[in-house]
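Inside the fold
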Amino acid sequence: MNSAQNSGTASHATPAATTADERFERGLALLREIGGQERPAVLDSTADIAPDLGRMTVSFGYGELLANDRLTLKQRQVATVAALAAMGTAAAQLRFHIDGALNVGVTPADVVEVLIHTAGYAGFPAALNGIAVAREAFRDRPGLAYEPTETGERDQRYERGLAKLAEVDGHAGDAVVASLQDIAPDLGRYIIEFAFGDVYSRPGLDLKSRELATVAMCTALGTAAPQLRVHIHGLLNVGGTREEVVEVITQMAGYAGFPAALNGIAAAREVFAERTED
């Protein structure tokens with residue numbers, strides 16, 4: 001990884017066309033940085049049955065898909081932890097990427113915030129399972145400094161949530177809530193009070209990171225196209241760029257498959273067109 005990723009400033013470099021061996025070596029170097037192992041376990045764990053899959057994971061997953069500076073490694077790990085927690089089908093990989101997030105400088109508190117954030121998009125079982133994996137990861141790191149945060153904020157949830165919703169989604173969020181008034185007004189209230197008043201308003205994880213995580217989750221889940229469009233708008237509203245939107249969606253090809261990423265890009269195209277017309 002170059003100094004641009006270390007500093008958190010994207011240089012937007014795209015690797016030049018390379019040989020298979022060069023892609024593998026580039027992926028190996030990045031995987032070592034994230035995983036903290038000289039020889040990544042994926043190579044040995046697949047060697048007896050699908051060695052080509054292990055090599056593809058390194059060469060494509062890390063040597064191509066993640067091998068640019070359009071997102072920092074911290075941002076990439078936040079997005080990956082969010083997506084894997086939301087999907088709920090890959091506990092071993094979630095553990096690897098929680099460790100990877102810690103290895104590249106994501107704080108334990110922010111890992112926990114990402115997993116709490118998951119509750120609003122994939123439900124409490126996914127968030128609770130994610131927290132269980134994080135607990136194991138933290139326990140296996142002697143001396144890791146982490147103190148849980150309890151905000152104590154119980155009052156004025158609606159007002160706090162409404163203000164946060166306006167900050168993130170503007171009129172798009174209002175429209176979602178308004179559309180529920182004739183059939184499920186309580187659901188609209190829960191969105192404001194819980195998702196935005198309780199979760200989004202928590203300290204620690206900044207709004208841009210929360211929206212990166214949300215776009216990753218909605219893309220990976222593959223069942224929330226309208227909400228994905230709302231949160232693509234939201235990511236742009238809180239300082240994300242179109243390039244970052246495209247990059248986090250593209251990254252999901254490696255974790256949720258190309259159909260999910262392609263559907264996400266289709267949603268992004270619609271949002272970009274709407275914002276150009278405004």
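Up top is the structure.
This report concerns the structure included in the present document. This structure is a prediction, so every number in the text was calculated from the model and none was measured. (Residues numbered from 1 in each chain as written. Predicted model: local features only at pLDDT ≥ 70, side-chain atom pairs only at ≥ 80, totals over all residues. Heavy atoms only, no water.)

A few words on the pattern of salt bridges. Going through the model one piece at a time under the given rule, you end up with 20 salt bridges. In this structure, Arg95 and Asp99 form a salt bridge, with 2.8 Å as the shortest nitrogen-oxygen distance. Of this pair, Arg95 and Asp99 both sit in helix 6 (residues 91–103), four residues apart, which is roughly one turn of that helix. The exposure class assigned to Asp99 is buried, which follows from its relative accessible area of 16%. Here Glu167 and Lys164 are joined by a salt bridge, their closest N and O atoms 3.4 Å apart. Here Glu167 pairs with Lys164, and both are found in helix 9 (residues 157–169), just three residues apart, close to one helical turn. For Glu167, a relative accessible area of 44% translates into the label partly exposed. (Salt bridge = Lys/Arg side-chain N within 4 Å of Asp/Glu carboxyl O. Helix = DSSP H or I, 4+ residues; strand = E, 2+ residues; numbered from the N terminus. Buried < 20%, exposed > 50% of the residue type's maximum accessible area, 1.4 Å probe, protein only.)

Within the secondary structure layout, Glu193 lies in helix 11 (residues 185–200). We classify Glu193 as buried; its relative accessible area is 13%. With residues up to four places along the chain from it excluded, the contact list for Glu193 reads Arg157, Tyr158 and Asp198. (Contact = heavy atoms within 4.5 Å.)

A positive phi angle is found at Gln156, which is not glycine, with a value near 55°. As for its position among the elements, Gln156 is in the loop between helix 8 (124–139) and helix 9. Judged by its relative accessible area of 60%, Gln156 is exposed.

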